[in-house]
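Remarks on the overall topology
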Amino acid sequence: FAYFMMPLAVIAILVGSGVALYENNLKRLFAYSSVAQIGYILLGASLVSVAGLTASVIHMFNHALAKGTVFLVIVGLATNYSNLRLENIAGAAKHMPWTMGAFVIAGLSLVGVPGTVGFISKWYLISAALSQGTIGIMLVVVILISSMMAMAYVWKVIEMAYFGESLANATPPHEAPNALLIVTWVAALSNIYYGISTSLPVTLASTAAESLLRHIP
């Protein structure tokens, strides 16, 4: 099982992250990013250990918070932009500070910055990988490389939205609807809350991992 699933997980992580680096459509960019994140989940499961499965289950929850926030932000941007290519959202943060502020938090979580749920996921995954000896060190290198790639594609969105110049003759965008902003910020702040208060998701994940392993012959 491990020898079959682990290479697939590594390929998903590196290829998903690599394609996201060169994608300029926001929806497709973060769809490819999700391929990489699913690779993390698969990687933890391929270790066939309580620590690895715990990391996988935690990441299912944490990735849902981070990527859910990202796509809520994209919905907010879509209220102003029919074409969600990077160049079209240039300068968006000047007119949509709350929307893009939520994106920054979600982006930090995707990268795995301490204080966010993304850091917790990667911490548990790296800890589980290191227990595998030499191959575990190679897996940690893959995780770190993909994290740097995530930093690059998240930054290119932030750079365009905060420092890019709006297209000439473009209608100035307006902030996302209040109802959408509330939901977006609940999701964004959850990335921080569960990145600091980790006991509930970690306890549930470890219990689920132990239960799953008991049913593996």
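Residues numbered from 1 in each chain as written. Predicted model: local features only at pLDDT ≥ 70, side-chain atom pairs only at ≥ 80, totals over all residues. Heavy atoms only, no water.

Moving on, we get to unusual backbone geometry. The phi torsion at Val48 lies on the positive side, around 50°, for a residue other than glycine. Turning to its location among the elements, Val48 is positioned in the loop between helix H2 (26-46) and helix H3 (50-78). (Helix = DSSP H or I, 4+ residues; strand = E, 2+ residues; numbered from the N terminus.)

Core analysis: the biggest nonpolar cluster contains 34 residues, and Leu26, Phe30, Leu77, Ile89, Phe103 and Val157 have the highest contact counts within it. Elements with a contribution of two residues or more to this core: H2, H3, helix H4 (92-95), helix H5 (97-111), helix H7 (134-163) and helix H8 (178-196). Ranked by residue count, the leading element in this core is H5, at seven residues. Ignoring sequence-local partners within four residues, the contact set of Phe30 consists of Lys67, Val70, Phe71, Ile74, Phe103, Leu110, Tyr153 and Val157. Judged by nonpolar contacts, the second largest core, of 15 residues, contains Met6, Ala9, Leu47 and Leu125. (Core = buried A, V, L, I, M, F, W, Y, C linked by side-chain atoms within 4.5 Å. Buried < 20%, exposed > 50% of the residue type's maximum accessible area, 1.4 Å probe, protein only. Contact = heavy atoms within 4.5 Å.)

Looking now at empty space enclosed by the protein. Over the atoms a probe the size of a water molecule is rolled, and this reveals where empty space is left. Taken as a whole, this structure holds one cavity of 30 Å³ or more when the rule is applied. If you go around the largest cavity, the residues you meet are Gln37, His59, Asn62, His63, Ala66, Ser109, Leu110, Gly118 and Lys122. Here the lining of the largest cavity is built from residues that sort into two nonpolar, six polar and one charged. (1 Å grid on protein atoms, 1.4 Å probe; cavity = no way out; pocket = protein on both sides within 12 Å on 5 of 7 lines; lining within 4 Å. Points joined across faces, edges and corners; volume = space filled by probe spheres on them. Nonpolar A, V, L, I, M, F, W, Y, C, P; charged D, E, K, R; others polar.)

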